[in-house]
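# Close look at the chain arrangement
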Amino acid sequence: MAIQTIQHGRIRWTNIERITPQDVQDLRETYPHFHPLDLEDLLSRIERPKLDEYEDYLFVVMQLPLWDPVQRISRASEVDIFVGSGYVVTVSDGSLKPLRHLFEQCQTNPEVREQIMGRGASKILHGVIDRLVDYIFPILYKVDANIRELEEEIFTEK
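Residues numbered from 1 in each chain as written. Predicted model: local features only at pLDDT ≥ 70, side-chain atom pairs only at ≥ 80, totals over all residues. Heavy atoms only, no water.

All right, on to the side chain of Thr-90 then. In this structure, Thr-90 sits in strand β6 (residues 87–92). Residue classification places Thr-90 among the buried positions, given a relative accessible area of 0%. Within polar-contact distance, the side chain of Thr-90 engages the side chain of Asn-15 at 2.6 Å. Aside from chain neighbours lying at most four places away, what touches Thr-90 is Trp-13, Thr-14, Asn-15, Ile-16, Asp-80, Ile-81 and Leu-99. (Helix = DSSP H or I, 4+ residues; strand = E, 2+ residues; numbered from the N terminus. Buried < 20%, exposed > 50% of the residue type's maximum accessible area, 1.4 Å probe, protein only. Polar contact = N/O pair within 3.5 Å; in protein donor to acceptor, adjacent residues only side chain to side chain. Contact = heavy atoms within 4.5 Å.)

The following block contains the structure:
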């Protein structure tokens, strides 16, 4: 369990790594308007990617490939994001370095904090997604190269 929060002006970003049932209960108390099924999804190992839109917040579930150098395969890593007026809550298992680094930069660097958090919760959402997408491109390029290599083997006459 690792819950950290940054407050910047009227914006609060809470980042949770390796969520526990107690963390979910804390979120339920802090944000009583969160739908119970969204909170339940936080404890699920693999939730389908989705975007749930409510009157006062968005709930986003993203699945991203994470390279496992030991097994030499990519595995799914999930990030769950709540975005509402004045807050963002990110939940992950801690393995997504771009998310962790962005949060740490916002904690330690006032310029990055102002750039990411100074223009509202939607800017934080954009920053998180932008960094995560940039992170997965090398993995996707490698997968694409492997597919092309297999296609060459399969479809080339010998």
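Here the focus is a nonpolar patch on the surface. Side chains of Phe-137, Leu-140 and Tyr-141 sit close together on the surface and give an oily, nonpolar patch of about 320 Å² of accessible area. Residue position: Tyr-141 is located in helix α5 (residues 121–155). By relative accessible area, which is 58% here, Tyr-141 ends up exposed. (Patch = residues over 30% accessible without salt bridge, like charges linked within 9 Å, V, L, I, M, F, W, Y side chains within 5 Å. Areas by Shrake-Rupley, 256 points an atom, 1.4 Å probe, with all protein chains shown as cover. Salt bridge = Lys/Arg side-chain N within 4 Å of Asp/Glu carboxyl O.)

What follows deals with the pairing of β6. On a regular strand, one side chain projects to one face of the sheet and the next to the other, so that they alternate. Within β6, 6 of the 6 residues are buried, leaving the element largely enclosed by the surrounding structure. Neither face of β6 is open: one carries Tyr-87, Val-89 and Val-91, the other Val-88, Thr-90 and Ser-92, and all of them are buried. In this structure, strand β5 (residues 73–84) lies alongside β6, joined through 6 bridges in antiparallel fashion. In the sheet register, Asp-80 faces β6, and the bridge partner there is Val-91. Between β5 and β6, which follow one another and run antiparallel, lie 2 residues, and Gly-86 among them has a positive phi close to 90°. (Pairing = 2+ DSSP bridges.)

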